[in-house]
Amino acid sequence: MSRSGAVKTLFVAVTATVAAVASAQFYQHRHHRLPIVAGPAVTRVADLSEYGAGLKNTMADTKVFFLEGKEPGGHVLIMAGTHANEIDALLSALIFVENAIVEKGTVIVIPQLNHSASVYTRPGDGYPLFYGIQTPWGTKEFRFGDRGASPLDQWPDPDVYVHYPDGQLLSFLDARNTNRSWPGRPNGLLTERVTAAVMRLLAEEHVDIALDLHGAETMFPVTNCIVAPEQSMRIATMVSMTITAMEGFENHVEPSPKGFRGLSHREIGDHSKTAPFLMEAPFPFLDQPTGPKTHDLLMTGRDPFLLSLAGQQKLFVPYDASGWPVERRVGQHCSVALEIISQYSRKHSDRAIRISEVPRYADLLRNGVGFYFHDPSKAKPTRVYFD
Amino acid sequence: MPPIMIVYYVICLFIVGMLVWNFIREKDDRQMMLLYLVVLVPLVLRILRIH
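Okay, so let's go over this structure. Note that this is a predicted model, so its numbers are computed, not measured.

**As for the overall build of chain A**
Part 1: If you tally the helices and strands in chain A, you get 10 helices and 15 strands.
Part 2: In terms of overall size, chain A behaves like a compact globule, its C-alpha atoms giving a radius of gyration of 21 Å where 387 residues would be expected to give roughly 21 Å.
Part 3: Its C-alpha atoms give chain A principal-axis dimensions of roughly 85 × 50 × 50 Å.
Part 4: Look at the contacts in chain A between residues 6 or more apart in sequence, and 73% of them connect residues 24 or more apart.

**As for the overall build of chain B**
Part 1: Of regular secondary structure, chain B possesses 2 helices and 0 strands.
Part 2: At 13 Å, chain B has a C-alpha radius of gyration far larger than the 10 Å of a compact globule built from 51 residues.
Part 3: Along the first, second and third principal axes, the C-alpha atoms of chain B reach 40 × 20 × 10 Å.
Part 4: Counting across all 51 residues of chain B, residues that qualify as buried make up 8%.

**Points about the interface of chain A and chain B**
Part 1: On the chain B side, the residues contacting the 16 residues of chain A number 15 residues.
Part 2: Broken down by class, the residue content of the side of chain A that touches chain B amounts to 11 nonpolar, 4 polar and 1 charged.

**A look at the packing of helix α2 (residues 87–99) of chain A against helix α9 (residues 326–347) of chain A**
Residues and elements named next belong to chain A.
Part 1: Look at α2 against α9: their axes get within 9 Å of each other, and the N-to-C directions meet at 55 degrees. As the angle between them shows, α2 and α9 are arranged oblique. Here α2 runs over α9; the crossing is right-handed. Within the contact between the two elements, α2 uses Asp88, Ala89, Leu91, Ser92 and Ile95 and α9 uses Val326, Arg329, Val330, His333, Cys334 and Ala337.
Part 2: Tallied by class, residues from the contact of α2 with α9 come to 7 nonpolar, 2 polar and 2 charged.

About the thresholds
Residues numbered from 1 in each chain as written. Chains lettered and ligands numbered in written order. Predicted model: local features only at pLDDT ≥ 70, side-chain atom pairs only at ≥ 80, totals over all residues. Helix = DSSP H or I, 4+ residues; strand = E, 2+ residues; numbered from the N terminus. Rg over C-alpha atoms; globule rule 2.2 N^0.38 Å. Contact = placed C-beta atoms within 7 Å. Buried ≥ 20, exposed ≤ 12 C-beta atoms within 10 Å, placed from the backbone. Nonpolar A, V, L, I, M, F, W, Y, C, P; charged D, E, K, R; others polar. Axes fitted to C-alpha atoms, helices over the stretch in contact; angles between N-to-C directions. Parallel < 35°, antiparallel > 145°, perpendicular 65-115°, else oblique. Left-handed = near helix turned anticlockwise from the far one by under 90°.

Take a look at the structure:
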């Protein structure tokens, strides 16, 4: 073999090894199965493709959990994983699925709305591929996702994303963002098919209120808040005031802008009879000026650069050396969701929804998030679903 | 898989072919050899649908 041939062989071997190691990690991440233990109130588990045939046999198909009470009442839809890197939404949704007792009405939960985004993340930005939540029975491991659907499932991105049906020109990045693709269309992009399927679910299941759970940067003004369109504003305002008075944390109200299309809090309200609410908990991991994107930052929200910026009043939320830990963020989501349901039920007694056994803010601060997850190895196999 | 996605996979395959061809033809410049291989990695992973 010539010297050039030997060098080439060596280079190919080294490159192939690096690529093989990376491939194995990416493959493991994309195919990691998250066990969800169906709680006592879960009466039915469906695939979202039952409401949109265009999702069948795609990575965008996802589980829909129905928690039906003995007494008929209203219907609430809880959506998490619209942005799969905003982990507190998923954790909160799973707490509802695994713990809630529904006495009246129906709670519908979609833990990973943009399922394709949950099987893709940003290793190039130093994001961890997985994260773990400590529970009494061990560590529950989750895939860390991304804001948009995987390019393996929806590719290429257009130069400009044209929103349907309004025709508004949006960033090319938002073509894979399910919170820019509402109300969607059954034969459109994969993300549009997801939202179109949810719109059909809202209509067929007569959903009264829809909660879309998110996390937002501490440097972004729309954080630590409820975003509400006109028809949801009164309830959102009551929730904000009640939460501040009774639970000791602030959660202000932001009006849903009419001119910014594709968002759940705008399009669900405009295209259905459902009243939408979008909930944002502060999520320091997403802020740009932080240190390394480590698992510790994901869990604690503690970062010295953000602390320095807080001292200069550059953040939109109170921030100190304790950061913004996961139990606090999830606690906020659980309390706000429960309070929205409670306020809606007070105003619509014929469509009331009554839930118990879901922890609130103080419970999560006291017990942590993992306390509320059940061991899938101890549960009946027929009650464990993989998403 | 929508038609536009198939077209992009075909483009990907074409670029992979060009890079492999250039890598084979390169005799002296080790930096260029390494560069061809490094650029090749994400394209090969995309064709194998690993991301």
